[in-house]
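Residue-level listing of the chains:
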Amino acid sequence: MSRQAHLLAAVAAPVCIIVFGIGGVLLGGWLPPRIGPDDSAETVASYYAQNTLPIRVGAVFAMISFGVIPVWGVAMAAQTRRKEGAFPVLTYVQVTCMAVGTAQIVLNTALWATAAFRAGEVSPEITQMLNDAGFIIFLGTWIPFTVWAVALGLSVLLDRSDLPVYPRWSGYLSMGVGIGYLPCATVWFFKDGPFGWQGIVCMGVPIIVFGIWLLTFSALTVRNVRAGFLHEQDLDDTPRMSTGTPR
């Protein structure tokens, strides 16, 4: 049963991508963004008013997609937990950051849905502000994802055992992905060009590295689970004292 659950969690990444493709790309128009940060309030409000139903349905799909991300993250944390021993600090960092990061992007989806809820009934500036807040939270609150990717990378690189959970190169990949999220910070400062949320630097690079990260570790985790779990002794390299409790 645990192996089946682990496999389901590991393949959550492709599910996340497919579901967001429906909601965020086809229906919502958030990736690539159909509305730019330099568009007028009237243009933004008109887009939401004319596409109210697709945006609302797209927000539902996007919310489901983002809700699946921590399911996938737990699969990785469970893998690295097996090698951290009695004090799994990096595992706790992964779990904490995936929870915080998911809460943020779920909130940004709610803001986009709110912008569509009364589009055309309120002033265009209000709709524009909600749309702005959605993109700024989506990209600008990148730090939990960076810390999460770095923690996963360190878990891999610090595993010096004869049977590492993940190949060493994947640790460097995860660390690089964490760095790849840094351009998201430009969303706070630019309203056009490559550093705005329609730009290749601010939006394109982080989304690409995130997709690579999802699919790579999903494939590696599925391989691990299918190969069988490591022996219980690998949970801790130190000898265990008997408690006298029958196993």
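You'll find the structure just up there.
In this text, all values refer to a predicted model and were calculated from it rather than measured experimentally. (Residues numbered from 1 in each chain as written. Predicted model: local features only at pLDDT ≥ 70, side-chain atom pairs only at ≥ 80, totals over all residues. Heavy atoms only, no water.)

Engineer: What is the right way to read the packing of aromatic side chains from this model?
Structural biologist: For any two aromatic rings, the description comes down to two numbers: the centre-to-centre distance and the angle of the planes. Scanning all chains against the criterion turns up 18 aromatic pairs. Ring geometry for Y166 against F217: centres 5.2 Å apart, planes inclined by 75°, an arrangement best described as edge-to-face. Pair noted here: Y166 is in the loop between α7 (143-157) and α8 (168-180) and F217 is in helix α9 (residues 200-227), with a separation of 51 residues, a long-range link. Here the two residues Y166 and F217 agree in accessibility, since each one is buried. A connected cluster of aromatic rings, assembled from ring pairs, spans F20, W30, F66, W112, F135, F138 and W197. (Phe/Tyr/Trp six-rings, centres within 6.5 Å; stacked < 30°, edge-to-face > 60°. Helix = DSSP H or I, 4+ residues; strand = E, 2+ residues; numbered from the N terminus. Buried < 20%, exposed > 50% of the residue type's maximum accessible area, 1.4 Å probe, protein only.)

Engineer: When you look at unusual backbone geometry in this model, what are you seeing that I'm missing?
Structural biologist: Cis geometry is found at the peptide bond from L31 to P32, where omega equals -10°. The topology assignment puts P32 in the loop between α2 (12-27) and α3 (41-50).

Engineer: It is not clear to me how the nonpolar core should be interpreted in this structure. Could you clarify?
Structural biologist: For soluble globular proteins, the rule of thumb is that nonpolar side chains tend to be buried together. One finds W30, Y48, W72, L139, W148, Y181 and W213 to be the most contacted residues of the largest nonpolar core, which totals 56 residues. Within the residue set of this core, elements represented by two or more residues are α1 (2-10), α2, α3, α4 (52-81), α5 (89-117), α6 (124-140), α7 and α9. The element contributing the most residues to this core is α4, with 10 residues. Ignoring any residue separated from it by four or fewer positions in sequence, one finds W72 in contact with A9, A10, A12, A13, W148, W213, L214, F217 and S218. (Core = buried A, V, L, I, M, F, W, Y, C linked by side-chain atoms within 4.5 Å. Contact = heavy atoms within 4.5 Å.)

Read these as geometric descriptors, not functional statements.
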